[in-house]
Amino acid sequence: MTTGAKQEEEGAGRSVVDYLRISITDRCNLRCIYCMPAEGVSSLSHREVLTYEELETFTRAAVSSGIGRVRVTGGEPLVRKGAVGFVRMLTSIDPRQKISLTTNGLLLARYAGDLKEAGLRRVNVSIDSLDPERYRGITRVGDLTGALTGLRAAIDAGLGPVKVNVVMLRGVNDDPGPFAGLTRELPVHVRFIEYMPYFNDPGRWFISGEEIKGRLERVVPLEEGDAPEGWGPAGTSSCFTFPGAVGTIGFISPVSCHFCSSCNRLRISADGRMRTCLFDRNGVDVKREIRAGADAGRLREIIEHELARKAREGDHKPAPGARVRAGDHMSRIGG
Ligand code: SAM
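These notes cover the structure that comes with them. As the structure is a prediction and not an experimental result, all values here were calculated from the model.

## Here's the deal with the environment of Met 196
Take Met 196: it is sitting in the loop between strand E6 (189–194) and helix H8 (209–217). Accessibility expressed as a relative area gives 18% for Met 196, which makes it buried. As for Met 196 and Val 167, which are separated by 29 residues in sequence, their C-alpha atoms are 9.1 Å apart.

## So, the layout of surface pockets
For the second largest pocket, the calculated volume is near 180 Å³. Together, Ile 24, Thr 25, Asp 26, Arg 27, Leu 44, Ser 45, His 46, Val 49, Val 79 and Arg 80 line the second largest pocket. Broken down by class, the residue content of the lining of the second largest pocket amounts to four nonpolar, three polar and three charged.

## Focus: unusual backbone geometry
For the bond from Gly 160 to Pro 161, the omega torsion is -5 degrees, close enough to zero to count as cis. Considering the arrangement of structural elements, one finds Pro 161 in the loop between helix H6 (144–156) and strand E5 (163–168). In this model, Arg 140 sits at a positive phi of 70 degrees, which is unusual for a non-glycine residue. Mapping Arg 140 onto the fold places it in the loop between helix H5 (132–139) and H6. Among the residues examined, Arg 140 registers a relative accessible area of 29% and is labelled partly exposed.

## Section: the pattern of salt bridges
The tally for this structure, following the rule as stated, stands at 13 salt bridges. Ionic pairing is found between Glu 56 and Arg 60, a salt bridge with its closest N-O pair at 2.9 Å. Of this pair, Glu 56 and Arg 60 are both found in helix H2 (residues 52–64), four residues apart, which corresponds to roughly one turn of the helix. Owing to a relative accessible area of 15%, Glu 56 belongs among the buried residues under this scheme. Taking the relative accessible area as the measure of exposure, Arg 60 reaches 39% and is therefore partly exposed. Between Arg 170 and Glu 211 there is a salt bridge, and its shortest N-O distance comes to 2.7 Å. Residue Arg 170 is found in the loop between E5 and helix H7 (177–185), and its partner Glu 211 is found in helix H8; the two are separated by 41 residues along the sequence. Judged by its relative accessible area of 31%, Arg 170 is partly exposed. Here the salt bridges do not stand alone but share partners, grouping Arg 170, Asp 174, Glu 211 and Arg 215 into one network.

## Looking at the site of the ligand
The local shell around the ligand holds 18 residues, among which Tyr 34, Gly 75, Thr 102, Ser 126 and Met 196 are the closest. Contacts to the ligand include Tyr 34, whose side-chain N or O atom sits 2.7 Å from an oxygen atom. Of all the elements in the fold, those that place two or more residues in the shell around the ligand are strand E3 (98–103) and E5. Residue classes in the shell around the ligand are distributed as seven nonpolar, nine polar and two charged.

## Overview of the packing of helix H3 (residues 83–93) against helix H4 (residues 108–118)
Relative to each other, H3 and H4 sit at 15 degrees, their axes nearing to 8 Å. When the axes of H3 and H4 are compared, the pair comes out roughly parallel. Between H3 and H4 lies a crossing of right-handed hand. On H4, the residues touching Val 84, Val 87, Arg 88 and Thr 91 of H3 are Tyr 111, Asp 114, Leu 115, Glu 117 and Ala 118. For the contact of H3 with H4, the residue count by class is five nonpolar, one polar and three charged.

## Quick notes on H3
The element H3 is extensively covered by neighbouring structure, given that eight of its 11 residues are classed as buried. In the core, the buried residues of H3 are packed alongside strand E1 (19–23), H2, strand E2 (69–73), E3 and H4.

The rules behind the values
Numbers given to residues run from 1 along each chain, matching the order in which its sequence is written. The predicted origin of the model limits local features to residues at a pLDDT of at least 70 and limits the giving and counting of side-chain atom pairs to 80 or more, whereas totals for whole chains, interfaces and linings rest on all residues. In computing side-chain values, all of the structure's heavy atoms are included and hydrogens and water are not. Put simply, DSSP marks the helices as runs of H or I at least four residues long and the strands as runs of E at least two long, and each gets a number from the N terminus on. Only protein chains enter the area calculation, which uses a 1.4 Å probe; residues under 20% of their type maximum are buried, those over 50% are exposed, and those in between are partly exposed. A 1.4 Å probe that fits into a set of points on a 1 Å grid over the protein atoms alone but cannot get out defines a cavity; an open set with protein on both sides within 12 Å along at least five of seven lines defines a pocket, and lining residues are those with an atom within 4 Å of a point. Grid points are joined across faces, edges and corners, and a volume is the space filled by probe spheres set on the points. Amino acid classes used here: Ala, Val, Leu, Ile, Met, Phe, Trp, Tyr, Cys and Pro are nonpolar; Asp, Glu, Lys and Arg are charged; the rest, including Gly, are polar. Here, a salt bridge means any Lys or Arg side-chain nitrogen found within 4 Å of an Asp or Glu carboxyl oxygen. Summary of the distance rule: residues count as near a molecule or strand when at least one heavy atom falls within 4 Å of that molecule or strand. N or O atoms within 3.5 Å of each other form a polar contact, as long as, within protein, one can give a hydrogen and the other can take it, and as long as residues adjacent in sequence are counted only when both atoms are side-chain atoms. Throughout, an axis means a line fitted to C-alpha atoms (over the contacting stretch in the case of helices), and angles, computed between N-to-C directions, take values from 0 to 180 degrees. Angles are sorted into four bins: roughly parallel if under 35 degrees, roughly antiparallel if over 145, roughly perpendicular if 65 to 115, and oblique for all others. Here a crossing is taken to be left-handed if its near helix is turned anticlockwise relative to the far helix by less than a right angle, and right-handed if that turn runs clockwise. Any two residues having at least one pair of non-hydrogen atoms within 4.5 Å are treated as being in contact.

So this is what it looks like as structure tokens:
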């Protein structure tokens, strides 16, 4: 029986896990107010972070367990030295692998061409406001011009469909109008992602995808459109267009539309913890296994055991007021 078939049998009706998110660093060149406390988070030491070779070993095992799509994330993945070479390593595992990257775009102007040449297929750029001052306010230190230059470099390098991830915070950046303007100007797919209030803030920032859509409909007449590849978890995402737009607009609603049953994700954090759910408190310490000499077969066994458990156990919906473990900020898990 194939791994996918096995997963389906174990968890009837649940999505097959075929998507791996690899966080290659916990370090970031931004300090987004909803992602990190003002003082930042303590960085992992060099030794604590998986080497690229260790990540490759893990990814090979994951691919042999049915993973067909890999996303490189962080922290900010492009601040880790050798990120382009790592994309090349991933490509060499299986050229059919669809490798993508999530970045804040600030270093994309420098790396977009090389990333494309290394085999990267697609890129998501996180830009939460198109107003330079508000962008600076949210990121605490960021320069919007740098992010937009990076976005254009990704389009020019052919890393499409380029998606723009926008996390809206009520009372901070909750006007979607300027992003409609962006889809008139550039062939990008803007996705409004609901803020998940599980990390820093008790919830006053939360605004639903439905409410954002309502605000947008007062500005442009949205029509249902076809979602580009890799759009978002089934059941939580929708995609729209409007006359005059060259891009699309969509909504990813992980809080309003509970999506455990369609979750197809496996994650590995920079410190080598594998999670089958964003809310796994500890995950499995695969770094320890790798450093103790686990071979591909043993890693595959561990991965398949966890995937079978995910399929069996079903819903992990976080309880109201749920928090991830202190220190496990998104910057470490990778979003
Ligand atoms: N540095 C990269 C970037 O900016 O995209 C990759 C890492 S970042 C943690 C990945 C994504 O997680 C970003 O799009 C970010 O906006 C999102 N994110 C972080 N904290 C979040 C939260 N509490 N709710 C929803 N999305 C969040």
